[in-house]
Amino acid sequence: MTKLKIANLDGRPEIFHSIQGEGKNMGQPSVFIRTSLCNLHCIWCDTDYTWNWEKTRFAHVKDEDPAYKKYQMDKMIISLTLEEIYEEVAKTGCKNIVLTGGEPMMQLQELSALIEFFNSKADDYFFEIETNGTLLPDATFEALIDQYNVSPKLANSNNPKKLREKPAAYEYFSTNEKAVFKFVISSENDLTEVLNICTTYKIPNQKVYLMPEGTNPEALKNKQQWLIEVCKKHQFHYTDRLHVHIYGDKRGV
Ligand code: SF4
């Protein structure tokens, strides 16, 4: 029986009805399904409970906090059947589904089965996936997914370049009509890196969304003006982070 590994939010699977806070579909009411597991280990990751397991050597900014402990993997994953996930989502009546993580593409076959299951119930579901852009989809998944929100990680993530930058995957998404790219920008260095990535992998500027780094409205506001000028100059899209304005860095909302 197909099961998906979902992040555990205080004893229940992290599946929640909210709005898409950023990128192409910003403002769209959506149900978020947060899968567990990630193949990267960003030092500032705010969903570190999907991968920062006990006995791993990965660094995290919270390591400085004496109260911070790595997570017990078996306690942070809830395995759900397709039916169980469907029941949870169907309660909301929402048809825009965001597959997020962690890195959801680590469970590609299970996600394909999930989308097929939903499509057997109704024909107007829209599935978007948030991915770090390091993994390639297979033909089945490609045919099923409606939108890729590709969010490549930069040097500031502390992941080695050979792990975070996968040329074949970047090239694939660069020419894929369903894909848009999102970058979180906190400095000029980040911007230089983004411009290099766009040039190297021929990512059209119209496919690119830049958003300011920050986990509170003040921090976003401080970078807003500068980043909007950057977007005007390069014909990138600017995107806010609505969920930060509304909820701060609270989980499951
Ligand atoms: S890719 Fe995303 S989920 Fe994975 S470690 Fe980085 S920020 Fe966290």
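Scroll up a little and you will see the structure.
Residues numbered from 1 in each chain as written. Predicted model: local features only at pLDDT ≥ 70, side-chain atom pairs only at ≥ 80, totals over all residues. Heavy atoms only, no water.

J.: What is the right way to look at the overall build of the chain in this model?
T.: A tally of helices and strands in the chain yields nine helices and 11 strands. Taken over C-alpha atoms, the radius of gyration comes to 18 Å for the chain, in line with the 18 Å a tight globule of 253 residues would show. Once the C-alpha set of the chain is aligned to its principal axes, its extents read approximately 50 × 45 × 35 Å. Across the 253 residues of the chain, 51% fall into the buried class. Partitioning the contacts of the chain with sequence separation of at least 6, the portion at a separation of at least 24 is 69%. A total of about 12,300 Å² of accessible surface is found on the chain, and carbon and sulfur atoms cover 51% of it. Seen as two clouds, the 30 positive and the 35 negative side-chain charges of the chain have centres 3 Å apart. (Helix = DSSP H or I, 4+ residues; strand = E, 2+ residues; numbered from the N terminus. Rg over C-alpha atoms; globule rule 2.2 N^0.38 Å. Buried < 20%, exposed > 50% of the residue type's maximum accessible area, 1.4 Å probe, protein only. Contact = heavy atoms within 4.5 Å. Areas by Shrake-Rupley, 256 points an atom, 1.4 Å probe, with all protein chains shown as cover. Lys, Arg positive; Asp, Glu negative; His and termini not counted. Charge placed at Lys NZ, Arg CZ, Asp CG, Glu CD.)

J.: Even after reading the chapter, I still don't get the site of the ligand, so can you show me in this structure?
T.: With respect to spatial proximity, the complete set of residues near the ligand consists of Cys38, Leu40, His41, Cys42, Trp44, Cys45, Thr47, Trp51, Gly102, Asn132 and Lys153. Grouping the amino acids of the shell around the ligand by side-chain chemistry returns six nonpolar, four polar and one charged. (Near = heavy atom within 4 Å. Nonpolar A, V, L, I, M, F, W, Y, C, P; charged D, E, K, R; others polar.)

J.: What is the right way to look at the nonpolar core in this model?
T.: Grouped burial of nonpolar side chains is what soluble globular proteins tend to show. With 50 residues, the main nonpolar core has Ile85, Leu99 and Leu210 as its most contacted residues. Apart from the residues lying within four places of it in its own chain, the contact partners of isoleucine 85 are Leu4, Ile6, Ile15, Ile33, Leu80, Leu114 and Phe118. (Core = buried A, V, L, I, M, F, W, Y, C linked by side-chain atoms within 4.5 Å.)

J.: I'm lost on the sheet that holds strand β5 (residues 77-81) in this one. Help?
T.: Each strand in a sheet pairs with its neighbour through backbone hydrogen bonds, running either in the same direction (parallel) or in the opposite one (antiparallel). Spatial strand order, β2-β1-β5: three strands in an open sheet with antiparallel pairing. If you trace the sheet from one side to the other, it starts and ends with β2 (12-13) and β5, each paired once. Of the pairings in the sheet, the one linking strand β1 (residues 3-9) to β5 comprises five bridges and is antiparallel in character. Opposite alanine 7, over in β5, you have isoleucine 77 as the bridge partner. Against the sheet, helix α2 (residues 82-90) touches β1 and β5, its axis set at about 95° to β5. (Pairing = 2+ DSSP bridges. Axes fitted to C-alpha atoms, helices over the stretch in contact; angles between N-to-C directions.)

J.: What is the right way to read the packing of aromatic side chains from this model?
T.: Between two aromatic rings, the relevant description is the distance of the centres plus the angle of the planes. Using the criterion set out here, one finds 13 aromatic pairs in the structure. Here phenylalanine 16 and phenylalanine 32 contribute two aromatic rings whose centre-to-centre distance is 5.1 Å and whose plane-to-plane angle is 10°, an arrangement assigned as stacked. Of this pair, phenylalanine 16 sits in strand β3 (residues 15-19) while phenylalanine 32 sits in strand β4 (residues 29-34); the two residues are 16 residues apart in sequence, bridging distant segments of the chain. Like phenylalanine 16, the residue phenylalanine 32 is buried in the burial classification. When the centroid spacing of 5.0 Å and the interplanar angle of 75° are considered together, the rings of phenylalanine 118 and tyrosine 125 count as edge-to-face. Here tyrosine 125 falls in the buried class, since its relative accessible area comes to 10%. The ring of tyrosine 125 carries the charged tip of lysine 95 above its face, separated from the ring centre by 5.1 Å. The ring of tyrosine 86 carries the charged tip of lysine 121 above its face, separated from the ring centre by 5.4 Å. (Phe/Tyr/Trp six-rings, centres within 6.5 Å; stacked < 30°, edge-to-face > 60°. Lys NZ or Arg CZ within 6 Å of the ring centre and 35° of its normal.)

J.: Which parts of the structure should I look at to understand the pairing of strand β8 (residues 147-150)?
T.: Side-chain positions along a regular strand alternate between the two faces of the sheet. Of the two faces of β8, both are covered, the one formed by Gln147 and Asn149 as well as the one formed by Tyr148 and Val150. In this sheet, β8 lies alongside strand β7 (residues 126-131) in parallel orientation, the contact comprising four bridges. Note on β8: the bridge partner recorded for isoleucine 129 is tyrosine 148. After leaving β7, the chain enters helix α4 (residues 139-144) and then returns to the sheet as β8, a path that is right-handed. Here β8 runs beside strand β9 (residues 179-185); their pairing, made up of three bridges, is parallel. Looking at β9, one finds that valine 150 is bridged to phenylalanine 181. (Right-handed = clockwise from strand over helix to strand, strands pointing away.)

J.: Explanation requested: the environment of glutamate 218 in the structure shown.
T.: You can see glutamate 218 is positioned in helix α8 (residues 217-234). The spacing of glutamate 218 and histidine 245 is 27 residues in sequence and 9.0 Å in space, taken between C-alpha atoms.

From the geometry alone we can't say anything about function, so treat these as descriptive.
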